[in-house]
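Structure at a glance
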Amino acid sequence: MAKPPLTYFAALRAAQQRLAAAQRDESAAQFLLMATHQWTFTQLVQHYRDPMPLTESQVLTDQVTRVCQGEPAQYILGSAPFYGRNFRVTSATLIPREETEELVEWVLASLPTTEQSVVDVGTGSGAIAITLQAERPAWQVIATDISAAAVAVARTNAQRLAPAVHFAVGDLLAPVTGHRFAAIVSNPPYIDRAETAVMDESVRRYEPEQALFAANHGLAFYQRFATVLPDYLTPSGQFFAEIGYHQGPAVRALFQAALPQATVTIRQDLSGHDRMVRVQL
């Protein structure tokens, strides 16, 4: 006699138990179920007692197996949430994270809603640029990345979420030479290779190395920005960037040394860690 199908709740609990046994984040099971159906949490709860089709149960089992082996759930699904929108992600792009939403909030709160020219450097999936454009339709947003594969992913996201964003492939600000901006935004590579041993295994194995690591103890991109900001910002322009949780003092010092007339502000994230810098000319 065939076993009755699992309910969604029973399948969720089984998946969470497998993840816990593998010392993985149990929340991945809920994320996989909700994202597959595009359900909110409330909708998931409403389906708790419904029988789960066998084919769907097998898909979830296979997905959880991959997460147990270290693969991020977002890459398995090919999508990740950011600022209330869903973004396509691939192995060519970083997975957007909540801390970066706080950087976006800072930019949105710091600039007028009227027409502004903004560039997102190292756009990856396009999460920052597309979110800024979607939240501020009057802005003119450009996004650059050295990775053509990442820009291809970002273009796909923009077509669906914010078609007005312009994209260019190239290193740092080279693709926008000759232009000046009210704001430059970046989530650059900032991990020191000496930190590899303490990194999350899934990040180390699956996310693009080019988007993670930087020379000079993770400070190389901030040093590069510091030398060129006056050439790309308007006279009262602002630079915003994400930083490593322990890099605040070093990042502040290098920008103050390179731009002594600028105001440098380090801001902490909701966890109380240094996470963002703003440089105002």
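Since we're looking at a predicted model, the values are computed, not measured. (Residues numbered from 1 in each chain as written. Predicted model: local features only at pLDDT ≥ 70, side-chain atom pairs only at ≥ 80, totals over all residues. Heavy atoms only, no water.)

Thoughts on the domain arrangement of the chain
As assigned here, the chain comprises domain 1 (8-77) and domain 2 (91-280). Listed per partner, the contact involves seven residues of domain 1 and 10 residues of domain 2. Around 640 Å² of area is buried between domain 1 and domain 2 when both sides are counted, 57% of it from carbon and sulfur atoms. Between domain 1 and domain 2 we count zero salt bridges in total. At the junction of domain 1 and domain 2, the tally comes to two residue pairs in polar contact (both at pLDDT 80 or more). (Domains from an automatic or database assignment. Contact = heavy atoms within 4.5 Å. Buried area = accessible area lost by both parts, 1.4 Å probe. Salt bridge = Lys/Arg side-chain N within 4 Å of Asp/Glu carboxyl O. Polar contact = N/O pair within 3.5 Å; in protein donor to acceptor, adjacent residues only side chain to side chain.)

A look at the UniProt feature "binding site: S-adenosyl-L-methionine" (unreviewed entry) in the chain
Under the feature "binding site: S-adenosyl-L-methionine" (unreviewed entry), the UniProt entry names G122, T123, G124, S125, G126, D145 and N187. A maximum C-alpha distance of 11.5 Å is found for the annotated residues, which run over 66 residues; spatially they form one tight group. Within the annotated group just given, the residues that line the largest pocket are G122, T123, G124, S125, D145 and N187. Position of G122 relative to the elements: it lies in the loop between β3 (117-121) and α7 (127-135). The exposure class assigned to G122 is partly exposed, which follows from its relative accessible area of 33%. In this structure G122 touches T144, D145 and N187, once residues within four positions along its chain are discounted. Counting through the fold element by element, N187 comes out in the loop between β6 (181-186) and α9 (201-206). Contacts of N187, omitting those with residues within four sequence positions, involve T100, V121, G122, I128 and E242. (UniProt positions renumbered as here; feature names shortened; annotations may be inferred. 1 Å grid on protein atoms, 1.4 Å probe; cavity = no way out; pocket = protein on both sides within 12 Å on 5 of 7 lines; lining within 4 Å. Helix = DSSP H or I, 4+ residues; strand = E, 2+ residues; numbered from the N terminus. Buried < 20%, exposed > 50% of the residue type's maximum accessible area, 1.4 Å probe, protein only.)

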